[in-house]
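# Results of the structural survey
In case you want the letters, here they are:
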Amino acid sequence: ENVRVRSSIFEIGIASGGWTYGSLSPISFSEDDNTNTGKRILLDQNTLICKGKGSRTDIYAISGIRYTCLAAIQGLKVRNNIFQGFTGGSSRGAYFLGEGVTAMDSLTFDNNVVYGCANSNDPQFYAGFTSGTHYDDNSDDINSDPLFVGSADYRLTQNSPAVSAGVVTGVLKDFVNHDFITADPDIGAYSYSTPIEQPIVIDYPS
């Protein structure tokens, strides 16, 4: 209960090998006896990247968040995160993959940037999973390239759709301890205000 994952970077992938019929996901909730109900779990201001599955063809599920609990978490909020590249599962996958017979209470998706993910960048509910009561859908998610500084540098560039596009979550510091703007914060683990170092150019006289 009362767990928050914030201002973090998750980068996953398999170069080769791996489990046949396994799954690939940086954040996973699992419980199989229908007795342990989580409450008030917040996933805010994170950047989650899948680098792919390499030569594997039988990873059956690839997702940013995988939920396989039988007992419903009451209050799972996914806000101001960037998801990129969660695709390629042989059976199913999405940036959020809910499986099983759970009927959630207060499942919330707010102001995430979702790009290059399976299921048309939408959450996928599978094998009896339902969004349940007080569902806040992903209609305000942004399905555009987040425009990072580089392929392994997840700071935001000036024209990123994630800049000033978030909802207020109360997260004050980014991945490198810079301040988030209080109103209309940036989306992802980095605030755009994080300085991007420029090369020093010195003109020497000939």
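About the criteria used
- Residues numbered from 1 in each chain as written.
- Predicted model: local features only at pLDDT ≥ 70, side-chain atom pairs only at ≥ 80, totals over all residues.
- Heavy atoms only, no water.
- Phe/Tyr/Trp six-rings, centres within 6.5 Å; stacked < 30°, edge-to-face > 60°.
- Buried < 20%, exposed > 50% of the residue type's maximum accessible area, 1.4 Å probe, protein only.
- Helix = DSSP H or I, 4+ residues; strand = E, 2+ residues; numbered from the N terminus.
- Contact = heavy atoms within 4.5 Å.
- Pairing = 2+ DSSP bridges.
- Axes fitted to C-alpha atoms, helices over the stretch in contact; angles between N-to-C directions.
- Salt bridge = Lys/Arg side-chain N within 4 Å of Asp/Glu carboxyl O.

### Details of the packing of aromatic side chains
Applying the stated rule across the entire model yields 13 aromatic pairs. Aromatic side chains Phe-83 and Phe-86 sit 6.5 Å apart centroid to centroid with 70 degrees between the ring planes, which places their arrangement in the edge-to-face category. Both residues of the pair, Phe-83 and Phe-86, count as buried. When the centroid spacing of 5.0 Å and the interplanar angle of 45 degrees are considered together, the rings of Phe-125 and Phe-129 count as tilted. With a relative accessible area of 30%, Phe-125 lands in the partly exposed category. What links up through ring pairs into an aromatic cluster is the set Phe-29, Tyr-67, Phe-83, Phe-86, Tyr-95, Phe-96, Phe-109, Phe-125, Phe-129 and Tyr-135.

### Focus on the environment of Asn-36
If you trace the backbone, Asn-36 turns up in the loop between strand 4 (27–29) and strand 5 (39–44). Take Asn-36: its relative accessible area is 51%, and that puts it in the exposed class. Apart from the residues within four sequence positions on either side, Asn-36 is in contact with Glu-31 and Ala-71.

### A look at the sheet that holds strand 1 (residues 3–6)
Strand order in the open sheet made by the five strands is 1-5-8-11-14, with parallel pairing throughout. Strands with a single pairing partner mark the edges of an open sheet, and in this sheet they are strand 1 and strand 14 (130–133). In this sheet, neighbouring strand axes are inclined to one another by 25 degrees on average, regardless of whether the strands run parallel or antiparallel.

### Description of unusual backbone geometry
What you tend to see is this: most non-glycine residues have negative phi, and most peptide bonds are trans. The backbone of Asn-121 shows a phi angle near 65 degrees, a positive value even though the residue is not glycine. Position of Asn-121 among the secondary structure elements: in the loop between strand 12 (113–115) and strand 13 (124–126). The backbone of Asn-177 shows a phi angle near 70 degrees, a positive value even though the residue is not glycine. Asn-177 gets classed as exposed once you look at its relative accessible area, which sits at 53%.

### Describing the pattern of salt bridges
The full count for this structure, using the stated rule, is eight salt bridges. One salt bridge in this structure joins Glu-1 and Arg-40, with 3.3 Å as the shortest N-O distance. Placement of the pair is Glu-1 in the segment before strand 1 and Arg-40 in strand 5, with a sequence separation of 39 residues. Judged by its relative accessible area of 54%, Glu-1 is exposed. Note that Arg-66 and Glu-99 form a salt bridge whose closest N and O atoms lie 2.7 Å from each other. Remark: Glu-99 occurs in strand 10 (residues 92–99) and Arg-66 occurs in strand 7 (residues 61–67); sequence separation between them is 33 residues. Per residue, the accessibility class of Arg-66 equals that of Glu-99, and both read buried.

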